[in-house]
Amino acid sequence: MTRILEIADLRVDLSRAERRVSPVGPVDLWLDAGECLGIVGESGSGKSLTLKAILDLLPDGLTRGTGTQKIAQGGRLVPTDPRSLRGAKISMISQEPAAALDPLMRIGDLIGEIVRHHSGCSWAEARLRAVDLLRRVGVPDPETRARFWPHELSGGLKQRVVISMALACQSDMLLCDEPTTALDVTIQAQIVDLLRDLQVNDGLGLIFVTHDLALIRQIADRICIMYAGLIVETGPSSEIFSNPQHPYTRALLAALPDIEQSEGRLVPIEGTPPAPTAFPQGCRFGPRCPRASDVCRQTAPALLATEDAQDVKVACHHTGDVT
Amino acid sequence: MTDQSGFTAPTEAPAVRAPRKRLPGKARFGLAIIGLYFLAGIFGPMLLPFDPDAANILQRLRPPSAQHWLGTDQLGRDFLARLLYAIRIDLPVAFLAAFFPMLIGTALGAVAGFFGRIPDIVVSRSADIVQAFPVYVFLLVLVFALGSGATSFILAATVIAWVGYARLVRGEVMRLREMEFVAAARVSGLPPLRILATHVLPNALPQTLIYFMSDIVMMVLVLSSLSFLGVGIQPPTAEWGRMIAEGQPFLRSQWILSVAPGLMLMVFGIALSLVADGLDEWSRK
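So, how was this worked out
- Residues numbered from 1 in each chain as written.
- Chains lettered and ligands numbered in written order.
- Predicted model: local features only at pLDDT ≥ 70, side-chain atom pairs only at ≥ 80, totals over all residues.
- Heavy atoms only, no water.
- Helix = DSSP H or I, 4+ residues; strand = E, 2+ residues; numbered from the N terminus.
- Rg over C-alpha atoms; globule rule 2.2 N^0.38 Å.
- Contact = heavy atoms within 4.5 Å.
- Areas by Shrake-Rupley, 256 points an atom, 1.4 Å probe, with all protein chains shown as cover.
- Lys, Arg positive; Asp, Glu negative; His and termini not counted.
- Charge placed at Lys NZ, Arg CZ, Asp CG, Glu CD.
- Buried < 20%, exposed > 50% of the residue type's maximum accessible area, 1.4 Å probe, protein only.
- Salt bridge = Lys/Arg side-chain N within 4 Å of Asp/Glu carboxyl O.
- Phe/Tyr/Trp six-rings, centres within 6.5 Å; stacked < 30°, edge-to-face > 60°.
- Lys NZ or Arg CZ within 6 Å of the ring centre and 35° of its normal.
- Axes fitted to C-alpha atoms, helices over the stretch in contact; angles between N-to-C directions.
- Left-handed = near helix turned anticlockwise from the far one by under 90°.
- Polar contact = N/O pair within 3.5 Å; in protein donor to acceptor, adjacent residues only side chain to side chain.
- Nonpolar A, V, L, I, M, F, W, Y, C, P; charged D, E, K, R; others polar.
- Pairing = 2+ DSSP bridges.
- Parallel < 35°, antiparallel > 145°, perpendicular 65-115°, else oblique.

(A) Seen up close, the overall build of chain A. A tally of helices and strands in chain A yields eleven helices and 13 strands. Since a compact globule built from 323 residues should have a radius of gyration of about 20 Å, the 21 Å found for chain A is in line with a globular shape. For chain A, the proportion of contacts with a sequence separation of at least 24, taken over those separated by at least 6, is 64%. For chain A, the accessible surface area stands at approximately 14600 Å², while carbon and sulfur atoms represent 51% of it. Between the centroid of the 33 positive side chains of chain A and the centroid of its 40 negative side chains there is a distance of 5 Å.

Below is the structure:
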């Protein structure tokens, strides 16, 4: 597999804080061509910020801290300015497809504008390509719909249009920020199928951010579990789901309803995640962790490979301990 | 496309368009009145056999008659002809005196709101400076310095009135800048100025146009006020404010000389306000 993105030490900092406050990081990420990386976490765990930081699209008040970002170019990984990646190498689709479409432009023109910008072709050709793109993302009757205004489309169709805008950039990577949260379940399945199809057949690398564990299990090849701005466990999807190591991951999976076992209550995680200004010393999950000991309260655990599975990394002092 | 359960996806529905939004009745009523003003301004003077500036001292202050439908003024000029000729002055001058500030104010406000930082500081502080002066005093000084007449009025209005547009557009652009679709355009790699021109400004346009409408009303009134004070449009050119002023001494005998131009101003103002209000409603629907 060819590596297409490698990020080391990614941080997101509050711009106007007296001391350095980092809601996210340091985080290491990488992505191979045609792979789907899932980033899972609670609200406020910093998963969306991580995604936005990759393109330096952070909201006001937050800045991208240190960290190097390398991108595949001509077979080699080259350090690149995040802003120059927008549209060229990486595109992004968001939670709210309705808000991502300019209400004053017909969807064919919205896509055509991007096609034109990236290929420099004529408007007439851009329009034809826009129709092709709409067809490719499964919009029925694309010739007619290209002349529609965004408000004339349903939520599922809007998200398809947003995906086609991302495809219009001809990027190698697509960042998906909870792309299905605003859609109902049947449409959700269709959009996931579409993304999966683009990943498998076109070799598009996906980074998929969500809090939906069932969904991520379906789509992701590799998973990062985030808690309070840090990755606490990462590894192949199958490993994580079959043999979770970190207490937080275990707790997350225990909080998931299981259709096979209708008996027994779901186990919630006590407490709430800490605010970035009040991250505890030591392990950030410590205060909510059933296994926390003195060492957890004093030093933060590093993200290390486990003994039995080399491609799984866990940030816990008690990895390997018997539960 | 079918999912596992075998249901046909609802996206297979035929492409049906949503019905078009109709402009509200009041806006159409307002537009009709403005249309009448245009017609009266274009064709009225052609149909009337009078020169609006030709004085006939023997015929002065005549009451309405079959020949002079609204009578004559203090110099014996046909009053209806002057009233209609004034449309050709008041409307274009007021339009331009609102249009140029809109161009300049929108451009400055858009740059300030979109880029922030230094452009924003420069534009916002300049706006503060202009606004620190009372509008009429500043305008009088400028018109006085530039010399009276339509051109200097438009120039003076531009110097002052851009501020309103700049503030309005700056605020709108700052709001729109944070919208998801602007982020989507950024993600697509479109250059900032292009995003500003094709995605941000068009969305700020409705509010700007609505303000423009009410600004024209404002400018007609300002122009008449200045002419009333003697520094706007110079006699003998027919202009409503000037006519109100000239009719003043005869308010008891020939009240129509002041009231008619006043009514022309008022109705025009109401019509434009109706259009602005209707457009506002329409853009929010």
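(B) Examining the overall build of chain B more closely. Each helix and strand in chain B was counted, giving nine helices and zero strands. Along chain B, helices (α) and strands (β) appear in the sequence α-α-α-α-α-α-α-α-α when read from the amino end. Computed over the C-alpha atoms, the radius of gyration of chain B is 25 Å, more than 25% above the 19 Å expected from 2.2 N^0.38 for a compact globule of 285 residues. Across its three principal directions, the C-alpha atoms of chain B cover 95 × 50 × 30 Å. By residue count, 46% of the 285 residues in chain B fall in the buried class. When contacts within chain B are restricted to residue pairs at least 6 apart in sequence, those whose partners lie at least 24 apart make up 70%. Of the roughly 14300 Å² of accessible surface on chain B, 70% is carried by carbon and sulfur atoms.

(C) Examining the pattern of salt bridges more closely. Residues and elements named next belong to chain A. Counted according to the given criterion, the structure contains 22 salt bridges over all chains. For R3, the salt bridge is made with D32, and the minimal N-O distance between the two is 2.9 Å. Residue R3 is found in strand β1 (residues 3–14), and its partner D32 is found in strand β2 (residues 24–32); the two are separated by 29 residues along the sequence. Through salt bridges with shared partners, one network takes in R3, E6 and D32.

(D) Region of the structure containing the packing of aromatic side chains. One pass over the full model with this rule turns up twelve aromatic pairs over all chains. Each ring, one from F95(B) and one from F99(B), has its centre 5.6 Å from the other, and the planes form 10°; the classification is stacked. Here F95(B) pairs with F99(B), and both are found in helix α2 (residues 79–115), just four residues apart, close to one helical turn. Given a relative accessible area of 27%, F99(B) falls into the partly exposed group. Between F99(B) and F212(B), the aromatic rings sit 6.4 Å apart at their centres with planes inclined by 70°, giving edge-to-face as the arrangement. Of this pair, F99(B) sits in helix α2 while F212(B) sits in helix α7 (residues 192–229), placing them 113 residues apart in sequence. Its relative accessible area of 6% is what places F212(B) among the buried residues. Through pairs of rings, three or more aromatic residues link up here, namely F95(B), F99(B), F100(B) and F212(B). One cation-aromatic arrangement involves R284(A) over F279(A); the distance from NZ or CZ to the ring centre is 4.0 Å.

(E) Up close: the packing of α2(B) against helix α5 (residues 150–177) of chain B. Running from amino to carboxyl end, α2(B) crosses α5(B) at an angle of 35°, the nearest separation of the two axes being 5 Å. Classified by chirality, the crossing of α5(B) by α2(B) is right-handed.

(F) View of the interface of chain B and chain A. Contact with chain B, which involves 28 residues of that partner, is made by 38 residues of chain A. Counting the contacts that link chain B with chain A gives one salt bridge. Taking the shortest distance from any N to any O, the salt bridge between E113(A) and R194(B) comes out at 3.3 Å. Between chain B and chain A we count eight residue pairs in polar contact (both at pLDDT 80 or more) in total. Sorting the residues of the side of chain B that touches chain A by element identifies α6 (180–187) and α7 of chain B as the ones contributing at least two each. Split into classes, the residues belonging to the side of chain B that touches chain A amount to 14 nonpolar, six polar and eight charged.

(G) Just the sheet that holds strand β12 (residues 304–305) of chain A, in detail. Residues and elements named next belong to chain A. Spatially, β7-β8-β9-β3-β10-β11-β13-β12 is the arrangement adopted by the eight strands of the open sheet, whose pairing is mixed. Both outer strands of the open sheet, β7 (90–93) and β12, are each paired with one neighbouring strand and no more. The pairing of β7 with strand β8 (residues 173–177) spans four bridges and is parallel. Each residue of the ladder has a partner; that of I93, found in β8, is C176.

(H) Structural view of the environment of A251(A). All names here are of chain A. Topologically, A251 is positioned in helix α10 (residues 247–254). Separated by 18 residues in sequence, A251 and I269 have C-alpha atoms that sit 6.3 Å apart. Among residues more than four places away in sequence, those in contact with A251 are V267 and I269.

(I) Up close: the packing of α2(B) against helix α3 (residues 117–132) of chain B. Residue and element names in this part refer to chain B. For the pair α2 and α3, the least separation of the axes is 7 Å and the interaxial angle reads 140°. The orientation of α2 relative to α3 falls into the category oblique. Our pair here, α2 against α3, has a crossing hand that is left-handed. Between α2 and α3, the contacting residues are L108, V111, A112 and F115 on the first element and R117, P119, D120 and V123 on the second. Across the contact of α2 with α3, the residue classes break down as six nonpolar, no polar and two charged.

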